[in-house]
Amino acid sequence: MNEKTIVVLTAMNLEYNAMKGHMSDVTVQTHPMGTRFEVGHLEDGGCRIALALVGKGNQSAAVLTERAVAQFAPVAVIFVGVAGALQPHVALGDVVVASHVYAYHGATSEDDGITARPRTWELSHPAHQIAAHVDRDVNWTRQLPGNEPAPRVHFGPVAAGEIAHYSATSDARQWLREHYNDAVAVEMEAAGVAQAGQLNDGLPTIMVRGISDYADKTKSATDAEGWQPRAVANAAAFAATLAVSLAQELDAADNARVGVQGQHVTIHGGIQLGGPDKDGGTAARMADAEVRPGKLRIVLNGSRRLLSDLASLAASATAIITAIRTAA
């Protein structure tokens, strides 16, 4: 089955559980280094989802995004979570899709003050077009519980740093106003995810954030009023609908099917390495995966150790044969 995978990442269990609520037939896959993924399908029979909890912060998000991409070779990565609004037109419960991501902590410190040295990652054009289509033409709000007014979806810059903002007058907020005044929301993971996507041949990475507060002193009050779960539910509903569209449309024309199978190598739009099993069939050494052109190295990452072992075995066999011939 030529099935595409979307990796979905979250920072908190609240976000994780909201996204898992849209999945069925869930099984657990554990990375050799211990990262736990829950893999299933969206309830409407849509695409395959690999869901993981990465924790807070850009560094862990970057590392575990890379790990997820290497393991599942997805067609896209979606980060689902909450964020604080930075613009007055963005309301609590609204959904923000990052048109680009600012890593806002880059700077130089000199005698005359601090100067911003930002890094920016833009959402790929195809992914932006698909997300805009979901907002415009797809009834994604049907997945929301109750009869609450439909939240608005905003496309705009998101600022990602390592600070949880509880003040609108702090030095950190002043920094955002001075250097990133077009940012519509602020959060703590998008820069890591975006950079990992860029380093994987520009793999589409989409940040979907529900607005749970205004990144100011009212944050504790809005949390107490239950805006976090409401914002997360909205973001998860949009992300679930978006995932289906991404799987249907991204790389529809140029995906190659790659698999690995035994004693021979065959290429039929893909590659398989493997060996005979105990019943005389062929056991797959690696699950089939979807990759774009140029992604072959990602899919083969999991077989490096196998290939290394085969090379060592071949070298040992050659040495033994040489020794036997010499003795004879």
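Residues numbered from 1 in each chain as written. Predicted model: local features only at pLDDT ≥ 70, side-chain atom pairs only at ≥ 80, totals over all residues. Heavy atoms only, no water.

> Quick one: what's the story with the packing of aromatic side chains, residue by residue and with numbers?
Using the criterion set out here, one finds 4 aromatic pairs in the structure. Summarising the aromatic geometry, the rings of tyrosine 102 and tyrosine 180 are spaced 5.0 Å apart at their centres and angled 50 degrees between planes, so their arrangement reads as tilted. In this pair, tyrosine 102 is assigned in strand E6 (residues 95-103) and tyrosine 180 in the loop between helix H4 (171-179) and strand E11 (185-187), connecting sequence segments 78 residues apart. The class for tyrosine 102 is buried, based on a relative accessible area of 11%. Measuring from ring centre to ring centre gives 5.3 Å for tryptophan 140 and phenylalanine 238, while their planes differ by 85 degrees; the resulting arrangement is edge-to-face. Of the two residues, tryptophan 140 sits in the loop between helix H3 (125-137) and strand E10 (153-160) while phenylalanine 238 sits in helix H7 (residues 227-249), which places them 98 residues apart along the sequence. For tryptophan 140, a relative accessible area of 4% corresponds to the buried category. You can call phenylalanine 238 buried: its relative accessible area is 0%. Grouping aromatic residues by their ring pairs yields a cluster made of Tyr102, Tyr104 and Tyr180. (Phe/Tyr/Trp six-rings, centres within 6.5 Å; stacked < 30°, edge-to-face > 60°. Helix = DSSP H or I, 4+ residues; strand = E, 2+ residues; numbered from the N terminus. Buried < 20%, exposed > 50% of the residue type's maximum accessible area, 1.4 Å probe, protein only.)

> Tell me about the pattern of salt bridges, and please be specific about residues and values.
Applying the stated criterion to the full structure yields 6 salt bridges. The residue arginine 136 makes a salt bridge to aspartate 137 at a minimum N-O spacing of 3.1 Å. A network of salt bridges, in which partner residues are shared, links Glu187, Glu189 and Arg209. (Salt bridge = Lys/Arg side-chain N within 4 Å of Asp/Glu carboxyl O.)

> Would you mind going over unusual backbone geometry in detail, with residue names and values included?
Phi is positive for alanine 73, close to 45 degrees, though the residue is something other than glycine. Assignment of secondary structure puts alanine 73 in the loop between helix H2 (58-72) and strand E5 (76-85). Its identity as a non-glycine residue notwithstanding, aspartate 201 has a phi of 55 degrees, on the positive side. Within the secondary structure, aspartate 201 sits in the loop between helix H5 (190-199) and strand E12 (205-213). Taking relative accessible area as the criterion, aspartate 201 reaches 42% and is therefore assigned partly exposed.

> Which residues make up the nonpolar core, and what values do they have?
A general tendency of soluble globular proteins is for nonpolar side chains to be buried together. Val101, Met207 and Ile211 are the most contacted members of the largest nonpolar core, which has 40 residues in total. The residues contacting isoleucine 211, other than those within four sequence positions of it, are Ala83, Gly84, Ala85, Val90, Ala91, Leu92, Gly93, Asp94, Val96, Ala185 and Ala231. With 37 residues, the next largest nonpolar core counts Ile78, Val97, Leu144 and Ala239 among its residues. (Core = buried A, V, L, I, M, F, W, Y, C linked by side-chain atoms within 4.5 Å. Contact = heavy atoms within 4.5 Å.)

> Could you give an account of the environment of phenylalanine 155, naming the residues involved and the relevant values?
Here phenylalanine 155 lies in strand E10. For the pair phenylalanine 155 and alanine 132, spaced 23 residues apart in sequence, the C-alpha separation works out to 8.3 Å.

> Describe in detail the environment of tryptophan 175, supporting the description with residues and values.
Positionally, tryptophan 175 belongs in helix H4. The sequence separation of tryptophan 175 and histidine 105 amounts to 70 residues, and the corresponding C-alpha distance is 9.4 Å. Setting aside anything within four residues of it in sequence, one finds tryptophan 175 in contact with Tyr104, Gly106, Ala107, Ile114, Thr115, Ala116 and Tyr180. Within the structure, the side chain of tryptophan 175 is placed 3.0 Å from the backbone oxygen of tyrosine 104, a separation counted as a polar contact. (Polar contact = N/O pair within 3.5 Å; in protein donor to acceptor, adjacent residues only side chain to side chain.)

> Kindly report on the pairing of strand E4 (residues 48-53), identifying the contributing residues and their values.
In terms of burial, E4 is a largely internal element, 5 of the 6 residues being buried. Bridge count for strand E1 (residues 5-10) against E4 is 6 bridges, and the pairing is parallel. Residue pairing across strands places isoleucine 6 opposite isoleucine 49, the latter belonging to E4. When strand E3 (residues 36-42) meets E4, the two strands line up antiparallel, connected through 4 bridges. Residue pairing across strands places glycine 40 opposite isoleucine 49, the latter belonging to E4. (Pairing = 2+ DSSP bridges.)

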